[in-house]
Amino acid sequence: TCFGVFNASDSQGSSHNSIASPWFSTAFGLIGLCSNLFALCVLRSSSRKLSSQARSSFLVFLCGLVVTDFIGLLVTASVIIPYHFIKFAWAKVDPGCHLCNFLGFSMVFFGQCPLLLGATMAGERFFGINHPFSRSTSVSKRRAWSIVGLVWGFSCLLGLLPVLGLGRYTLQYPGSWCFLTLLPNTGDVIFCLLFALPGIFSVLLSFIFNTVSVVTLCRVYHDRESVQRRRDSEVEMMVQLVGIMIIATICWMPLLIFIVQIVLQQLPASGQPQVLPMETQKMLLIYIRMVTWNQILDPWVYILFRRAVLQRIYPSLRPRPSILSLYPAFKPSLRHKLTTD
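Everything in this summary refers to the structure shown in the same document. All residue numbers refer to position in the chain's written sequence, counted from 1. It should be noted that, the model being predicted, local features are given only for residues of pLDDT at least 70 and side-chain atom pairs only at 80 or more, the latter also being counted only at that level, while totals for whole chains, interfaces and linings use all residues. For side-chain calculations, the full set of non-hydrogen atoms in the structure is used, while hydrogens and water are omitted.

## Focus on the nonpolar core
Think of a nonpolar core as a cluster: buried Ala, Val, Leu, Ile, Met, Phe, Trp, Tyr and Cys residues, connected wherever their side-chain atoms sit within 4.5 Å. Between buried and exposed lies partly exposed: a residue is buried under 20% and exposed over 50% of the maximum accessible area for its type, with that area taken using a 1.4 Å probe on protein chains only. In terms of nonpolar packing, the biggest core is built from 52 residues, with Trp 90, Trp 177, Phe 179, Leu 180, Leu 182, Phe 195 and Ile 259 touching the most fellow members. Taken together, the elements giving at least two residues each to this core come down to helix H3 (53-86), helix H5 (98-130), strand S1 (169-172), strand S2 (177-180), helix H7 (186-221), helix H8 (232-265) and helix H9 (278-304). Labels follow the DSSP assignment, with helices taken as runs of H or I lasting at least four residues and strands as runs of E lasting at least two, numbered in each case from the N terminus. Here this core gets ten residues from one element, more than from any other, and that element is H8. Whether two residues are in contact is decided by their heavy atoms: any pair within 4.5 Å suffices. With residues near it in sequence (within four places) discarded, Phe 195 still touches Val 108, Gln 112, Leu 158, Phe 179, Leu 180, Trp 252, Leu 256 and Ile 259. Core analysis: the next-biggest nonpolar cluster, separate from the first, contains 32 residues, Phe 58, Val 66, Leu 117 and Leu 217 among them.

## Section: the pairing of S2
Any two strands are treated as partners once DSSP identifies two or more bridges connecting them. Here S1 pairs with S2 via four bridges, running antiparallel. Bridging from a neighbouring strand, Thr 170 pairs with Phe 179 of S2.

## Looking at the packing of aromatic side chains
For Phe, Tyr and Trp, where Trp contributes only its six-membered ring, two rings pair if their centres lie within 6.5 Å, and the inter-plane angle classes them as stacked under 30 degrees, edge-to-face over 60, or tilted in between. A full pass over the atoms with the stated rule returns twelve aromatic pairs. Seen from their ring centres, Phe 38 and Trp 300 are 6.0 Å apart, and the 55° between their planes marks the pair as tilted. Of the two residues, Phe 38 sits in helix H2 (residues 22-47) while Trp 300 sits in helix H9, which places them 262 residues apart along the sequence. By relative accessible area, Trp 300 is classed as partly exposed at 31%.

## Regarding H2
Take the residue count of a helix, subtract one, and multiply by 1.5 Å to get its expected span. With 26 residues, H2 extends 37 Å from end C-alpha to end C-alpha; this agrees with the ideal 38 Å at 1.5 Å per step. Restricting attention to buried positions, one finds in H2 the residues Ser 25, Thr 26, Phe 28, Gly 29, Gly 32, Leu 33, Ser 35, Asn 36, Ala 39, Val 42, Leu 43 and Ser 46.

## Structural notes on empty space enclosed by the protein
The pocket and cavity definitions rest on a 1 Å grid over protein atoms only: a 1.4 Å probe that fits but cannot leave marks a cavity, an open set with protein on both sides within 12 Å along at least five of seven lines marks a pocket, and residues lining either have an atom within 4 Å of a point. Grid points are joined across faces, edges and corners, and a volume is the space filled by probe spheres set on the points. All chains considered together, the criterion is met by three cavities of 30 Å³ or more. Size it by volume and the largest cavity reaches roughly 410 Å³. Along its surface, the largest cavity is lined by 28 residues, and Thr 76, Ile 80, Met 107, Ile 288 and Thr 292 are the ones closest to its centre. Of all the secondary-structure elements, those providing two or more residues to the lining of the largest cavity are H2, H3, H5, S2, H8 and H9. Its volume calculated, the second largest cavity comes out at about 110 Å³. Taken together, 16 residues make up the lining of the second largest cavity; nearest its centre are Pro 114, Leu 115, Gly 118, Ile 244 and Ala 248. Looking at the lining of the second largest cavity, the elements that each hand over two or more residues are H5, H7, H8 and H9. Tallying contributions element by element places H8 first for the lining of the second largest cavity, with five residues. By the convention adopted, Pro, Cys, Tyr, Trp, Phe, Met, Ile, Leu, Val and Ala count as nonpolar, Lys, Arg, Asp and Glu as charged, and the other residues, Gly among them, as polar. Within the lining of the second largest cavity, the residues separate by chemical class into ten nonpolar, five polar and one charged.

## A word on unusual backbone geometry
Here Tyr 173 and Pro 174 are connected by a cis peptide whose omega angle stands at 5°. Tracing the backbone through its elements, the reader meets Pro 174 in the loop between S1 and S2. The backbone phi angle of Cys 97 is positive, close to 65°, even though this residue is not glycine. Position of Cys 97 among the secondary structure elements: in the loop between helix H4 (90-93) and H5. Residue classification places Cys 97 among the buried residues on the basis of a relative accessible area of 9%.

## Looking at the state of the cysteines
For the purposes of this analysis, a disulfide is any pair of cysteine sulfur atoms at a distance within 2.5 Å. Applying the stated criterion across every chain, the model contains two disulfides. What pairs with Cys 2 in a disulfide is Cys 97, and their sulfur atoms sit 2.1 Å apart. With the S-S bond torsion at -90°, the cross-link from Cys 2 to Cys 97 turns out left-handed. One end of the pair, Cys 2, is in the segment before helix H1 (8-13); the other, Cys 97, is in the loop between H4 and H5, with 95 residues separating them in the sequence. Through a disulfide, Cys 100 is tied to Cys 178; the S-S separation comes to 2.0 Å. Across the disulfide from Cys 100 to Cys 178, rotation about the S-S bond amounts to roughly -115°, and the bridge is consequently left-handed. Separated by 78 residues along the polypeptide, Cys 100 in helix H5 and Cys 178 in strand S2 bring together distant segments of the chain. Cys 100 gets classed as buried once you look at its relative accessible area, which sits at 0%. Residue classification places Cys 178 among the buried positions, given a relative accessible area of 0%. Across the protein, the way the bonded cysteines pair up, counted in sequence order, is 1-2, 3-4.

Spelled out as structure tokens, the structure:
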């Protein structure tokens, strides 16, 4: 069953707690939906003016990230917000746990996708910056959307594991949402680790790729022969990517580490309690609130850190030649052909 993991009486007794306030969910949901919708409009406008394939593929990944965040907020808010104002009884409305399983799947799917997409974008930029003229590193729009589809497919498969028998989705404090179960059962422990460890690995991989890419760009930026030919497009993409990585690290790492810590401290054994302690329930809710900020802030990274915006703050920034500044020693004929292409 998806009920009974938390103490409903304790939840009702602390319903006035600010952590469980319905205004958190309402405000976060509305702000996040408006932010992502605005970012989608800006992305659509920017994609029409592109001529660079690297920038075009980057915007495809970014569009996939914004669409994922928008749909994720829309789906989860459509269930969580009505609960806070109607206070329906889950056991009566959803005795078969179908709604709870759907909401838990949504939390896992729309939570894992941004982390994997962030790592994918970091990897694409890493190879694009360090191997710019390799055919194997060029990503077309079609291939970029295929990669986004693979990320969605992997996250969907991960979210369906409880439906297939590995782990459970259970109702969480204060009774308004469902998520994976932090109890010392073998299936629950394995599913929690399968959710948390890939997320942690994605964040670490993003950090490694972005660090190397930033170091490369800094080296090129300060090169004597390329001072006047700054790679503005690459710098713009890396600033946005680093911003996305920082937000994901701050918002997601506490929850992922918390999940790993809880499940590893409670080794599967018979006779252990099957109800989460109230402190654990409250901490889980706090970390979920932090994760919600990731979906709110992601679109603003792109909205605010665009050249069109930065040039208004720093008028000295002007469009300059891009990737060729990495290789000033190329033959003039080849450089002219690449520039023309």
